[in-house]
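Structural overview for review
These are the residues of each chain, in order.
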Amino acid sequence: MIGLAFRGHISADDLKALRVVTGEMMRECGRGFMVADMAECTGIGPGARKYMAEWSKQDGTDVPSCTGVYGLSFAIRAIMMLALNAIKLLGQREPDVVFLKDEAEAMRWVDEQRAALLPKDVT
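Let me begin by describing the structure that accompanies this report. Because the structure is a prediction, the values reported are computed rather than measured. (Residues numbered from 1 in each chain as written. Predicted model: local features only at pLDDT ≥ 70, side-chain atom pairs only at ≥ 80, totals over all residues. Heavy atoms only, no water.)

For helix H1 (residues 12-29), spanning 18 residues, the distance from its first C-alpha to its last is 25 Å, which sits close to the expected 26 Å at 1.5 Å a residue. Ala-12, Leu-15, Leu-18, Arg-19, Thr-22, Gly-23, Met-25 and Met-26 are the residues of H1 that are buried. An end-on view of H1 places all buried positions within 165° of arc, on one side of the element. Counted as exposed and oriented over 90 degrees from the buried face of H1: Asp-13, Arg-27 and Glu-28. Contact partners of the buried residues in H1: strand S1 (2-10), strand S2 (33-44) and helix H2 (46-56). Remark: Gly-30 follows H1 within two positions and exhibits a positive phi of approximately 85°. (Helix = DSSP H or I, 4+ residues; strand = E, 2+ residues; numbered from the N terminus. Expected span 1.5 Å × (residues − 1). Buried < 20%, exposed > 50% of the residue type's maximum accessible area, 1.4 Å probe, protein only. Arc of directions from axis to C-beta. Contact = heavy atoms within 4.5 Å.)

Aromatic ring pairs are reported here in terms of the distance separating the ring centres and the angle at which the planes meet. This model, assessed by the stated rule, comprises one aromatic pair. Between Tyr-51 and Trp-55, the aromatic rings sit 6.1 Å apart at their centres with planes inclined by 45°, giving tilted as the arrangement. Of this pair, Tyr-51 and Trp-55 are both found in helix H2, four residues apart, which corresponds to roughly one turn of the helix. One exposure class covers both Tyr-51 and Trp-55, and it is buried. (Phe/Tyr/Trp six-rings, centres within 6.5 Å; stacked < 30°, edge-to-face > 60°.)

In this structure, Arg-19 sits in helix H1. For Arg-19, a relative accessible area of 19% puts it in the buried group. If we ignore the near neighbours within four places in the chain, the residues touching Arg-19 are Tyr-51, Trp-55, Gln-58 and Asp-62.

All we've got here are geometric facts, nothing functional implied.
Here's what the structure looks like:
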């Protein structure tokens, strides 16, 4: 699992660095989860939004299985919703991103996602 805390404005360079890390996680583990604290995020630049759209058109081998996000201001949540909706319309895959109340809820959600992906015992 990758845990992030965004501070200030998110740039395309930030997302490029994140893509390297998520790609490594996916290659090593086959799947991965991300939890992002956005409480101190002040914006998502146009270059970052454009990069998100470009990333969504790729094969998806460097995309976390799912991402839980919390701590968003109303404005940042609105920007993210617009960007995610555009990605859904224009990208090759639908991002699995959920908005949660706080870190504890995000960690519970990740645990639930992990449990859902585990093979079920046949007895």
